[in-house]
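# What the coordinates show
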Amino acid sequence: MKYYDKLIFELSKEGRKGYTLPENRLKEYTLASLPEGLKRQQAPELPEVSEFDVVRHYTNISNKNFGVDTGFYPLGSCTMKYNPKINEEMAGQPAFANLHPLQPAATAQGALEVYYNLAHALAEISGLAEFTLNPYAGAHGELTGLMVMRQYHLKRGDLKRTKVIVPDSAHGTNPASAAVCGLNVVEVKSKPDGRIDVEHLKPLLDDTIAGIMMTNPNTLGLFESDILEIAELVHACGGLLYYDGANLNPLLGKCRPGDMGFDIMHINLHKTFSTPHGGGGPGAGPVGVAKALVDYLPSPRVCKADDGTFYLSHPADSLGRVSGFIGNFGVMMRAYTYILSLGKEYIKYVGPLATLNANYIKESLKDCYYLPIEGICKHEFVFDGLLDKSTGVTTLDVAKRLLDYGYHAPTIYFPLLFHQSIMIEPTETESLETLDEFIDVMRKVAREAIECPEEVKTAPHHTPVRRLDETNAAKHPILRYRDLAQ
Ligand SMILES: *Cc1c(COP(=O)(O)O)cnc(C)c1O
C-alpha cells in the first residue's frame, strides 16, 4: 500500500525544507523596516516537508476528488455543467481578483461595470425589471426575494399576508426560506401528472396569502403548463409569484419567467451560468424583481451616473443589506464570461440542447428504470428506482455502483414524491458520446441488479473508501488532520 492510499496527513520530518517565495508586493518594505514589537520571537510551528511531499500530498488528495473536470456529473436539480476555462481566467485577472471590497467606488469602476452589465443581462434573459447580485446563493436569494415580498405588503399596510404557498414537489430550501422570513408555509398538492393541482390551489387563495413559490419546470423536470392561470389566480387574490430559478436552464433564450407572470425570482449563477459548486460553494443568487418592487431591493445598489461612472446607492425604501459587500464577485465574473461567450445568438440553444439530452437519456433507459410520469421532460427527469425491483436492489445501491464505474451518482431520494427517486440532469454541455457511455453503464448496473444483486448491494468496491456513515460524518466531522492520528 502506498502512503497516499491511507489517510496519512502527518508528513513532517525535522529539517526537511521546500518553499516557493511569494511575490513581494510591498517592495519598499524589508524585514528590517518592521517595528521590533511586531516581529516573531520564535519560528512558526509549520510542518517540515520537501516540495515533493507537498506536491504529491495535494495532487493525490485531488485525485480522490470527483468533479466536472474528471467525469460526467448527472446530478439533477443542481446543473453541474462544464465551466469553460476562460471563465476561470477572467475571474482570476489580477485587476479583479486583487480588489478590496472596501475600496472606494472610483477605484473599482471596472468591477462595478461588470456587476451593472451582468445585472442588466439577467434582467433581459428573465423578463424582469431589475436585479441585485448581492445574495451569495440560491437559498439566500429566496430569503432576499421573500423579504422583498414581505416589504411590498408591509409598505401597503397589508399586514394580514403571512402565508406562502409552496408545492409538495418543492426543493427543501423553499419552505425553509419562507420560515426563516417569518412566513407560514401552506402546501399545494401535485396532480398525478406531477404538475400543480389548480383545483387544490383555488381554495387556498385569500387575503392572508403573501405569495406562491414555484419553480418552472418543476423539480420533476415538468413544465407547469397552467402557469398563466396560476399567475392570474394568485395576482387576483393580491399575492405575488416567486420563481425559484434553479431550473432556468431549459428556458434560456426560449421563454422568460417575467412573461409568465412571476414578480420576483432568483437565479443560481453557479447552476445556470457555470461555476463548479461541489461541496456547498461558491455560489451567487441574484434576485430580480418586477418594476413595482425595484425600490425594495437590498442595498447597496450599483447605479450608473449620467457621465457613465458607476456608484453605490442606498435607496430609502430598500430592505437594507443582505450581504457583507456586493456579493460573490468571482462567480459573477464566470457568469458574465459564460453569457458573453454564448452571446444572444447561441444562448437560445442552451435550453433546447439541455432538454434534448435529458429526453435522450430518459427514453434510452425507461425499459430498465421505472419512469413514473411519461411524456417529454425539460432539462431533467426522475426515475422511481429500477423497473424490476424483485432482487431488492435500491436506488442507493445503484448510485453506489455507479461510483465503481467512475461516474458521480445522480441526485437520489429527491424529490420526495417517489420512494426511490433517481434524478438525472445531463446539461447542454455534454457530448452524445458521453451520454451513450453513461446509458451503457446505467443499463449494465440494471442487468447486474438482476444477475448478481449482491455485487450491487455491496458497492462501491473500487473507491478509496466504501459506504460511509453519512449521518455520523455530518454530525461529528473530523476537520483537523491531527484528530485523525488519535
Ligand atoms: C439548488 C436549488 C436551490 C438552492 O440553491 P443553492 O444555491 O444551493 O442555495 C433551490 N431550489 C432548487 C430547485 C434547487 O435546485
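This is a predicted model, so every value here is computed, not measured.

### Points about the overall build of the protein chain
- The secondary structure content of the protein chain amounts to 17 helices and 12 strands.
- Computed over its C-alpha atoms, the radius of gyration of the protein chain comes to 25 Å, within 12% of the 23 Å expected for a compact globule of 486 residues.
- Each principal axis of the C-alpha atoms in the protein chain carries an extent, and together these give about 75 × 70 × 45 Å.
- The 486 residues of the protein chain split such that 47% are buried.
- When contacts within the protein chain are restricted to residue pairs at least 6 apart in sequence, long-range pairs at least 24 apart make up 68% of them.
- Distance between charge centroids for the protein chain: 4 Å, based on 48 positive and 59 negative side chains.

### Let's talk about the nonpolar core
- Leu118, Leu122, Phe131, Leu269 and Phe273 are the most contacted members of the largest nonpolar core, which totals 55 residues.
- When residues of this core are traced back to their parent elements, those giving at least two are helix H4 (109–126), helix H7 (198–201), strand E4 (209–214), helix H8 (227–236), strand E5 (240–244) and helix H11 (329–347).
- Here this core takes 11 residues from H4, the largest share from any one element.
- If you look at the next biggest cluster of nonpolar residues, it comprises 26 residues, including Cys368, Phe381, Leu386 and Val456.

### Here we look at the site of the ligand
- The environment of the ligand is formed by Ser77, Ala137, Gly138, Ala139, Glu142, His171, Thr173, Asp244, Ala246, Asn268, His270 and Lys271.
- Taking His270, its side chain carries an N or O atom lying 2.7 Å from an oxygen atom of the ligand.
- At 2.9 Å, a side-chain N or O of Lys271 approaches an oxygen atom of the ligand.
- About the coverage of the ligand: the protein hides 87% of its 380 Å² of free accessible area.

### Quick notes on the sheet that holds strand E12 (residues 421–424)
- Sheet architecture is open: three strands sit in the order E10-E12-E11, paired in antiparallel fashion. Among the strands making up the open sheet, the edge pair consists of strand E10 (381–384) and strand E11 (411–412).
- As judged from the four bridges shared by E10 and E12, these two strands associate in the antiparallel manner. Opposite Asp384, over in E12, you have Ser421 as the bridge partner.

### Quick word on the pattern of salt bridges
- For the structure shown, the criterion picks out 27 salt bridges.
- Between Arg334 and Glu88 there is a salt bridge, with the nearest N and O atoms lying 2.7 Å from each other. Note that Arg334 is positioned in helix H11 and Glu88 in helix H2 (residues 85–91), a separation of 246 residues in sequence.
- What makes Arg334 buried here is its relative accessible area of 14%.
- The closest approach of N and O atoms between Asp259 and Arg256, which form a salt bridge, is 2.9 Å.
- Judged by its relative accessible area of 30%, Arg256 falls in the partly exposed class.
- Among the charged side chains, a salt-bridge network with shared partners connects Lys191, Asp193, Arg195 and Asp226.

### Description of the packing of helix H13 (residues 395–404) against helix H14 (residues 432–451)
- H14 packs onto H13 with a crossing angle of 125° between their chain directions and a minimal axis gap of 10 Å. Between H13 and H14, the angle falls in the class oblique. Note that H13 runs across H14; the crossing there is right-handed. Residues Val398, Arg401 and Leu402 of H13 touch H14, and the partners they reach there are Phe438, Val441, Met442, Val445 and Glu448.
- By residue class, the composition of the contact of H13 with H14 is six nonpolar, no polar and two charged.

Conventions and cut-offs
- Residues numbered from 1 in each chain as written.
- Predicted model: local features only at pLDDT ≥ 70, side-chain atom pairs only at ≥ 80, totals over all residues.
- Heavy atoms only, no water.
- Helix = DSSP H or I, 4+ residues; strand = E, 2+ residues; numbered from the N terminus.
- Rg over C-alpha atoms; globule rule 2.2 N^0.38 Å.
- Buried < 20%, exposed > 50% of the residue type's maximum accessible area, 1.4 Å probe, protein only.
- Contact = heavy atoms within 4.5 Å.
- Lys, Arg positive; Asp, Glu negative; His and termini not counted.
- Charge placed at Lys NZ, Arg CZ, Asp CG, Glu CD.
- Core = buried A, V, L, I, M, F, W, Y, C linked by side-chain atoms within 4.5 Å.
- Near = heavy atom within 4 Å.
- Polar contact = N/O pair within 3.5 Å; in protein donor to acceptor, adjacent residues only side chain to side chain.
- Areas by Shrake-Rupley, 256 points an atom, 1.4 Å probe, with all protein chains shown as cover.
- Pairing = 2+ DSSP bridges.
- Salt bridge = Lys/Arg side-chain N within 4 Å of Asp/Glu carboxyl O.
- Axes fitted to C-alpha atoms, helices over the stretch in contact; angles between N-to-C directions.
- Parallel < 35°, antiparallel > 145°, perpendicular 65-115°, else oblique.
- Left-handed = near helix turned anticlockwise from the far one by under 90°.
- Nonpolar A, V, L, I, M, F, W, Y, C, P; charged D, E, K, R; others polar.

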